[in-house]
Amino acid sequence: MSLISQNVLSKKHGKKVEGQVVDGSPVDKETLLVDEHKLKNSKRKKRGRDHDLSEGKSEQEKEMKKLESFLFGTLYSPVEFGKEAGEEKEEEVARDAPLFFVDKSIGHEMAIYEEDLHSRIEEEREEEKKPAWVDDEEERTEVDIVKVGRLRKLRKEADERVISGADYVARLRAQHAKLNPGTEWARTDRKNARVGASDDESDDESGVTVAHGYEDVEGDDILRSNDELVVKGRDKLLPRLLEYSRLMNANSEEPSNGPINSVQFHRNGQLLLTAGLDRRLRFFQVDGKHNTKIQSIFIEDCPIYKASFLPDGSEVIISGRRKFFYSFDLVKAAVNKIGPLMGREEKSLEVFEVSPDSSTIAFIGNEGYILLMSSRTKELIGTVKMNGSARSLAFADGGQQLLSSGGDGQVYHWDLRTRRCIHKAVDEGCIMGSALCVSPDSSLFAAGSSSGIVNVYKREEFLGGKRKPLKSIENLTTMVDFMKFNHDAQILAITSRMMKNGLKLIHVPSFTAFSNCPPPRFSLHYPRALDFSPHGGFMAMGNAGGKVRVLFMGIDLDPLLQGWRLVELLI
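What counts as what
- Each residue is numbered by its place in its chain's sequence as written, counting from 1.
- Owing to the predicted nature of the model, reporting of local features is limited to residues with pLDDT of at least 70; listing and counting of side-chain atom pairs is limited to 80 or more, with chain, interface and lining totals taken over all residues.
- Hydrogens and waters are ignored; side-chain quantities use all the structure's heavy atoms.
- Pairing between strands is defined by DSSP: at least two bridges between the two strands are required.
- The way it works is that DSSP assigns letters per residue, a run of H or I at least four long becomes a helix, a run of E at least two long becomes a strand, and they are numbered from the N terminus.
- Lines fitted to C-alpha atoms define the axes, with helix axes restricted to the stretch in contact, and inter-axis angles between N-to-C directions lie between 0 and 180 degrees.
- Note on classification: 1.4 Å probe, protein chains only; a residue is buried when its accessible area is under 20% of the maximum for its type, exposed when over 50%, partly exposed between these limits.
- Only heavy atoms matter for contacts: two residues are in contact if any of them lie within 4.5 Å across the pair.
- Between N or O atoms, a polar contact is any pair within 3.5 Å; within protein, one atom must be a potential hydrogen donor and the other a potential acceptor, and residues adjacent in sequence are included only when both atoms are from side chains.
- For salt bridges, the criterion is a side-chain nitrogen of Lys or Arg within 4 Å of an Asp or Glu carboxyl oxygen.
- A score between 0 and 100, pLDDT records how confident the predictor is in each residue.
- Two aromatic rings from Phe, Tyr or Trp, using only the six-membered ring of Trp, form a pair when their centres are within 6.5 Å; if the ring planes differ by under 30 degrees the pair is stacked, by over 60 it is edge-to-face, and anything between is tilted.
- Charge over a ring is defined by NZ of Lys or CZ of Arg lying within 6 Å of the ring centre and within 35 degrees of the ring normal.
- Take the buried Ala, Val, Leu, Ile, Met, Phe, Trp, Tyr and Cys residues and link them wherever side-chain atoms come within 4.5 Å; each set so joined is a nonpolar core.

**Side note on the sheet that holds strand S17 (residues 401-406)**
- Strand order in the open sheet made by the 4 strands is S16-S17-S18-S19, with antiparallel pairing throughout. Both outer strands of the open sheet, strand S16 (390-396) and strand S19 (420-426), are each paired with one neighbouring strand and no more. Neighbour-to-neighbour, the strand axes of this sheet turn through a mean angle of 20°, independent of strand direction.
- The pairing of strand S18 (residues 410-415) with S19 spans 6 bridges and is antiparallel.

**Looking at the environment of aspartate 312**
- Relative to the assigned elements, aspartate 312 resides in the loop between strand S8 (306-309) and strand S9 (315-319).
- What makes aspartate 312 partly exposed here is its relative accessible area of 38%.
- Sequence separation between aspartate 312 and serine 358 is 46 residues; the distance between their C-alpha atoms is 6.3 Å.
- The residues touching aspartate 312, leaving out its near neighbours within four places in the chain, are Arg267 and Ser358.
- Here serine 314 takes part through its side chain, which lies 2.9 Å from a polar atom of the side chain of aspartate 312.

**Focus on the pattern of salt bridges**
- Scanning all chains against the criterion turns up 16 salt bridges.
- Measuring nitrogen to oxygen at the nearest pair gives 3.3 Å for the salt bridge that ties glutamate 461 to lysine 466.
- The class of lysine 466 is partly exposed, set by a relative accessible area of 39%.
- Here the residues in one salt-bridge network are Glu254, Asp278, Arg282 and Lys293, joined through shared partners.

**A short note on unusual backbone geometry**
- Residue proline 340 is bonded to the preceding glycine 339 through a cis peptide linkage, with omega at 0°.
- By the element assignment, proline 340 lies in the loop between strand S11 (334-338) and strand S12 (352-354).
- With an omega dihedral of 5°, the bond running from cysteine 517 to proline 518 counts as a cis peptide bond.
- For proline 518, the position within the fold is in the loop between strand S27 (512-513) and strand S28 (527-532).
- Of note in this structure, phenylalanine 511 is not a glycine but carries a positive phi near 55°.

**Focus: the sheet that holds strand S5 (residues 271-276)**
- Here we have 4 strands laid out as an open sheet, ordered S4-S5-S6-S7, and antiparallel in their pairing. Each edge of the open sheet is held by one strand with a lone partner, namely strand S4 (260-265) and strand S7 (292-298). Within the sheet, the average angular offset between the axes of one strand and its neighbour, ignoring direction, is 15°.

**As for the confidence of the model for the protein**
- Put simply, the protein has an average pLDDT of 76, and 69% of its residues get 70 or more.
- Here residues 191-214 is modelled with pLDDT under 50, and outside its nearest four sequence neighbours on either side it reaches 37 contacts, counting other chains as well.
- Within the model, the stretch residues 554-571 combines pLDDT values under 50 with 93 contacts to residues more than four positions away or in other chains.

**Digging into the packing of aromatic side chains**
- What the rule picks out here adds up to 9 aromatic pairs.
- Ring geometry for phenylalanine 324 against tyrosine 326: centres 5.8 Å apart, planes inclined by 90°, an arrangement best described as edge-to-face. The same class applies to phenylalanine 324 as to tyrosine 326, namely buried.
- Each ring, one from phenylalanine 352 and one from phenylalanine 363, has its centre 5.5 Å from the other, and the planes form 40°; the classification is tilted. Of the two residues, phenylalanine 352 sits in strand S12 while phenylalanine 363 sits in strand S13 (residues 360-364), which places them 11 residues apart along the sequence. By the burial criterion, phenylalanine 352 is buried, and phenylalanine 363 matches it.
- Taken together, Phe283, Phe309 and Phe328 form an aromatic cluster joined through their ring pairs.
- When the ring centre of phenylalanine 324 is taken as reference, the NZ or CZ atom of lysine 337 above it lies at 3.9 Å.

**Points about the pairing of S16**
- Burial within S16 is extensive, with 6 of its 7 residues counted as buried.
- Adjacent in sequence and paired antiparallel, S16 and S17 are bridged by 4 residues, among which aspartate 397 carries a positive phi angle near 55°.

**What to know about the side chain of serine 496**
- Tracing the chain through its elements places serine 496 in the loop between strand S25 (491-495) and strand S26 (503-507).
- On the accessibility criterion, serine 496 (0% relative accessible area) is buried.
- Polar contacts involving the side chain of serine 496 include one to the side chain of threonine 478, which spans 2.5 Å.
- With near-sequence residues (within four places) excluded, serine 496 lies in contact with Leu476, Thr478, Met479, Asp481, Gly502 and Pro527.

**A look at the nonpolar core**
- With 17 residues, the main nonpolar core has Ala446, Val454, Met483, Phe485, Leu492 and Ile494 as its most contacted residues.
- Of all the elements in the fold, those that place two or more residues in this core are strand S20 (433-438), strand S21 (444-449), strand S22 (454-458), strand S24 (482-485) and S25.
- Sequence-distant contacts of valine 454, defined by excluding residues within four places in its chain, comprise Ala446, Ala447, Gly448, Lys471, Ser472, Ile473, Val480, Met483, Leu492 and Ile494.
- Ranked by size, the runner-up nonpolar core spans 16 residues in total, among them Leu271, Leu273, Ala307 and Phe328.

**Points about the side chain of glutamine 490**
- Position of glutamine 490 among the secondary structure elements: in the loop between S24 and S25.
- A polar atom in the side chain of glutamine 490 sits 2.8 Å from the side chain of aspartate 488.

So this is what it looks like as C-alpha cells:
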C-alpha cells in the first residue's frame, strides 16, 4: 500500500491539498479522485449500517409494546374496537383517558369482534342439514293410526283416522323427541353468548348480561325469575277413552285395617297420605315399584274421618267425630291436640277445608255455622252462618272467598275479608247440596246433590245472576259425596260412597264421561276419598275395603309425554 492511500483515510494523518499532501510530496490527480471516491463509499456504508441498526431497535420496541398490550392490556393508548392492536392511532390520547380497561370476557376467552360474530352466525344459518335420501313412497302410503292402539297417541284431533306416510314419519319423530328430550347444553344450534358485552346490554333489575341473539328469549337465564323449573304440559285430553296402566299397590308394606277416609298427595307429588277409621295416619313414597312406607302415626282417641296437608306442606290437620282435632308437624314430627273450642258446643269437627294460602281452616259447625280458624295460631277468628245446615265447603280466589252448600239447596259465596255473604243462589234441580269443588284457577265450580246430579257452573256467570249451569251430569244415581278437579281442570272426578264402583271421570271440555273408567272386569269397591297429585301424575281414591284406588290422571311426570294415562294403584 502506498503512502498516499494511508494518508488520505484520516484527517489526523495529513491535510489534503490539491495536487500535494502536507509533507510536500507530489500526488497524481487521478489517484486522488479514486481515493476520495472510496472514502465516500465507506461513509455511505457506515451510515447504512447505523440506519439498519436503528430500524432494528425500533422494530424490536414495537414488538415489545405489542406483546405487553396483548398480555396486560393497552398501556399506551385506549382500546378502539375494529382496529388491530399494532395500528397507529391518529388521535392523541386525552389527559383524562384511562390507561387500561377491564376485560369482561367470559372465562379466559379472547373478545370476539362484533363483525366477525355476525358473519359467523350468518354462515351457521346457511349451513342446513339435508337428508341423504328421500323415500318417494312415503307420500303415496296411508297409515291408519286408530286401528293400532299404540298409535292413537299420534292423533291431533279426536276424529282423525288416516294420515299420509310423510305425516306419519314426522309425528313419530316428534313423539320420539318428546319421549327423549335432549339436554340443553348439548344442543348444537345453541349460540355462545357474546363476549365483551357492554354494561348497557345487561338487565336493569338483575344485572345479568344478555347474550347476543337471546334478548327476546324467556326463561333462558335461570337468574331472571323464580319460576318453577318443571315445564308444564299443554297437551289437550281427548274424550271418550282414557289410556291407563296398573301399578303396584301403594300400601303393600302396611295395608290398612279399616275403611280409608282420606288420601292426599304432598305438594312434592311423591309423598302420599292415607288415613281411616283404624286411627292410623300413614305416609308412603309412591313410585309404582316399591312404594316405601315413610312413617305411621297412631291416634289413640280419634278415629280419623279426614286428614289434610296444609298447602305449604308443613302440617297435617287430623279430625274426627270429636270436639277437638289434631295437628301433626312434619318438621318437628310432633302431634298437638287443639280444642275443644272456647264458646262453641260442636261435638264433631269431622268436615273441614284448608285455604290455598294456608292461612285459614274452615270447619262445619252446628245449625249452619261455619267456623273460621287461623292455621298459624289454631284459634277461632270468626264465624259465618247459612240459613240451612252446612254440608260442604270449598275455597276460591286463593282463599279470599268461601263457597258453601247444604240443606237448603243453595250455594253461598262468602267474602272472608269482610265475612259477609256476597251472593246466594239456588243450585238448579238441587234439593240438598252434598258436595262442592272449585277448579284450580277458580273459573269453574261443581255442585253435587243428594240425587246424584252434578251441575258445573262458570263462577263469574253464576255470581252475575245466571242460574243455568254449563252442564248437568247425571251419570250417578246416588248421593255425590266427593268431587275433585285435576291440576289443569280437564278432568272432574265424582264419587259416591253408596254405590259400588261409584266413580265417574268427566272430560270437562266436552262434559262427557270416559267409557273405560272404571275399567271393566275390575272392582273399585265403594270409593270414599279422592285426590290428584299436584302435577297430574296420580289420583288416589280410597275405598271402604281399606284400599285406596289411586288414579294417575294427566300427563306423565315428564310433561313432554303426549297422551293421558290412568294408573290404578291398589292401596
